[in-house]
Amino acid sequence: MRDTTRKMNIIQPHVDLPFSSSGSEYRKKRVAAYARVSTDSDEQLSSYEAQVDFYTRHISSHLEWEFVDVYTDEGISGTNTKKRDGFNRMITDALDGKIDLILTKSISRFARNTVDTLTTVRRLKEKDVEVHFEKENIYTLDTKGEVLITIMSSLAQEESRSISENVTWGKKKSMADGKIALPYKNFLGYKKGQDGLPQIVEAEADIVWQIYRLYLDGNTIRNIVRYLTAQGIPTPGGKKQWSVSTVTSILTNEKYKGDARLQKTYTADFLSKRIEQNKGEIQQYYIENSHPAIIDQETFDLVQSEIQKRRPNRRQLNNNSPFAAKLICGECGGCYGSKVWHSNSKYRNRIWRCNRKYANSQVCLTPNLREDEIKPAFVQAINQILGDKEQYITRVEQQLLLDDTAELEKVLEKLQAEHDTLISQIQHYIGANKREIRDQQKHIDHYRAMDEELKKLEPQVNQLKDKILEKIAQKEKTRRFLDELRQMDDLVIEFDENLWYATIELVTVHSDKTLGFRFKDETRITKAIKN
């Protein structure tokens, strides 16, 4: 009969003894170490080499330990583990059963991110892999280990936050003091001068000027990319293949006109080091005449105006023909595009036709054009100007003297002052609401009223700025057009593509088969197409 007396038996925990599977041979503990320095300075690299040497000797000196490796990372921040190849390789080896114990100097050397530290330690713990943090004297398989790690890694994370804030403050202070830092290894045209300011590199500056000239001569950015690559001109980073983004950056970067906008980006998260474009979230600084200019103000403004003007016609501009995005339908305002007729026969011919000809219920009546009709009409139009060249140049120069932007700039200065005053009032009003007890509904109503006023003012300021820029750009285009005329002969014999790019703004095609040529100085001449 079974004894029903209640009994308790204690089952002792299973302990893995340090013996091999045969039970006859003692197995040494497989030990590795992790070393990291966070910068590339000479002092830190010396510390890095010392750590590697120390751990190699230290592990090898213990008879009961088997040396595995010293896993290392140089010049890498410890705020996350994504880009630390040595660290990640060590963890993979440990999880694969190749390591029993990891030695590291401190929690901050292992990782400054609390989540990364705890997650990694727990993954290793599941595989019975222990980590020893020497500075804090923490063994992770110890019962107190995880509590201590949580506390210590949180402190380390706060230290990282403090360092990040100090670095950010230092950068802001430098910006406020007008100090400029360029990524010189990847910035064409400048090197760091002895005074710490950008210094022009003449050979590279010539390339920058060439890019601006090519663009103003009518070349698309893609054409410039192909040209620079074909010429074997190295990119700012020393590569052979240019890209659209690189050329665009050179054409739009204010530093080439001697100014500097600082704080274009900011670190949104100190742990992940995520960089964001500054769209008004934090303060920016704009320094005029901060360093020697490669591109003069007028040329830079003209390029910005041209970029805005070309933006709606980017697709047409991908066509390599000089007529792309230059021919405009006189009925619907659409661009003319090229079509190939009889492509597989001896009658193959390229014609230009309104891209919207059949897009609407009413067909555009503007004609199809052959290139051998457009070219002679242009030659006739330019010769009409050249027939009265000297008098023409004198008239246009006199007009340039009268056509300035002084009045517009006065209006802009007044509007800008009103805009800045309103922003200051809003900021003061918000600050006062935090310090004083107020009727919140009245506060909201008053804030909304000021915000509405600001929203009405901002478009006026921006439109006026655009109008001034447009007038300045037009004056510069006219000057360049006059310079081109001065160098020309009194008669053009045949069509010249470079001359077309240098002188023609747009050509309007009318339904009566006449072409309205608008030149860079806004002169308009109409010529009939001869059948």
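Just so we're clear, the structure is a prediction, and the values are computed from it rather than from any experiment.

(A) Structural detail: the pattern of salt bridges. Counting across every chain of the model gives 22 salt bridges. Among the ionic pairs, Asp483 bridges to Arg486, the shortest N-O distance being 2.8 Å. Taken together, the positions of Asp483 and Arg486, both in helix α14 (residues 440-487) and three residues apart, correspond to about one turn of that helix. Owing to a relative accessible area of 39%, Asp483 belongs among the partly exposed residues under this scheme. Judged by its relative accessible area of 39%, Arg486 falls in the partly exposed class. Put simply, Glu522 and Arg524 hold a salt bridge, and the shortest N to O gap is 3.8 Å.

(B) Spatial organisation of the environment of Val396. Tracing the sequence through the fold places Val396 in helix α12 (residues 389-402). On the basis of relative accessible area, Val396 is assigned to the buried category, the value being 13%. In the structure, Val396 is positioned 125 residues away from Asp521 in sequence and 8.2 Å away in space, judged by C-alpha atoms. Beyond its immediate chain neighbours, meaning those up to four positions away, Val396 contacts Thr478, Leu482 and Asp521.

(C) Expanded view of the environment of Glu413. Its place among the elements puts Glu413 in helix α13 (residues 406-435). Classification of Glu413 as exposed rests on a relative accessible area of 59%. Glu413 sits 48 residues away from Val461 along the chain, and the two C-alpha atoms are 9.2 Å apart.

Calculation rules
Residues numbered from 1 in each chain as written. Predicted model: local features only at pLDDT ≥ 70, side-chain atom pairs only at ≥ 80, totals over all residues. Heavy atoms only, no water. Salt bridge = Lys/Arg side-chain N within 4 Å of Asp/Glu carboxyl O. Helix = DSSP H or I, 4+ residues; strand = E, 2+ residues; numbered from the N terminus. Buried < 20%, exposed > 50% of the residue type's maximum accessible area, 1.4 Å probe, protein only. Contact = heavy atoms within 4.5 Å.

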